[in-house]
Amino acid sequence: MTIKVLAVGKKHESWVDEGISRYEKRLKKPFDLTWQLLSHSSRENDAARTEESGRILAKIDDRDFVVLLDERGKNVDSPALASTLRTPIDSSRNVVIIIGGAYGVDPTVHARANFTWSLSKLVFPHQLVRLILTEQLYRAQDILAGGKYHHV
């Protein structure tokens, strides 16, 4: 089972890459995290959203469990995220997590998503979202393995 992150945007900045690497080293099987960065569209608004969404959907298989990061998504805590990932993990389905571009994604991507998740009701820069996402996947793995979840 792999977790593939499809993110529209530039390669990781060095400080993001360092943070992501730190959490990726902590991940254990079945969490095999891969990144696929897709270039921004040269278009704007709806045209950019449509083009980028088409590229995203082309990278997803029918059997994949798709998680869309969206500010209007469901705001869940770490144990709920772990619970959401349990079913695809237990059934050996690959998980694809989508981080759209500056204009978001179109309705076809929303329709394909099995789960739409908001990291918070705040909007973060995409580079920071990548780091937070990696940490939350590490935390979900730890929770699923029976580790102690530390409430703040």
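Here, the structure is the one placed above.
This write-up is about the structure you can find in this document. (Residues numbered from 1 in each chain as written. Predicted model: local features only at pLDDT ≥ 70, side-chain atom pairs only at ≥ 80, totals over all residues. Heavy atoms only, no water.)

Turning next to the packing of aromatic side chains. A complete count under the given rule lists one aromatic pair for this structure. One cation-aromatic arrangement involves R22 over Y23; the distance from NZ or CZ to the ring centre is 5.8 Å. Just above the ring of Y138 sits the side chain of R26; from NZ or CZ to the centre is 5.3 Å. (Phe/Tyr/Trp six-rings, centres within 6.5 Å; stacked < 30°, edge-to-face > 60°. Lys NZ or Arg CZ within 6 Å of the ring centre and 35° of its normal.)

Here the structure, examined in full by the defined rule, presents seven salt bridges. We note a salt bridge from R72 to D70, for which the minimum N-O separation is 3.3 Å. Look at R72 and you get exposed, because its relative accessible area is 61%. Note that R72 and E71 form a salt bridge whose closest N and O atoms lie 3.6 Å from each other. Each member of the salt-bridge network shares a partner with another, and the members are R43, E51 and R55. (Salt bridge = Lys/Arg side-chain N within 4 Å of Asp/Glu carboxyl O. Buried < 20%, exposed > 50% of the residue type's maximum accessible area, 1.4 Å probe, protein only.)

With respect to the helices and strands, S118 occurs in strand β5 (residues 115-118). The residues contacting S118, other than those within four sequence positions of it, are D70, E71, G73, K74, N75 and V76. (Helix = DSSP H or I, 4+ residues; strand = E, 2+ residues; numbered from the N terminus. Contact = heavy atoms within 4.5 Å.)

As a further point, take the layout of surface pockets. Within this model, the largest pocket holds a volume of roughly 430 Å³. In terms of lining, the largest pocket is formed by 22 residues, of which the most central are L69, D70, E71, V123 and H126. When residues of the lining of the largest pocket are traced back to their parent elements, those giving at least two are β3 (65-75), β5 and α5 (126-144). With five residues, the single largest contributor to the lining of the largest pocket is β3. (1 Å grid on protein atoms, 1.4 Å probe; cavity = no way out; pocket = protein on both sides within 12 Å on 5 of 7 lines; lining within 4 Å. Points joined across faces, edges and corners; volume = space filled by probe spheres on them.)

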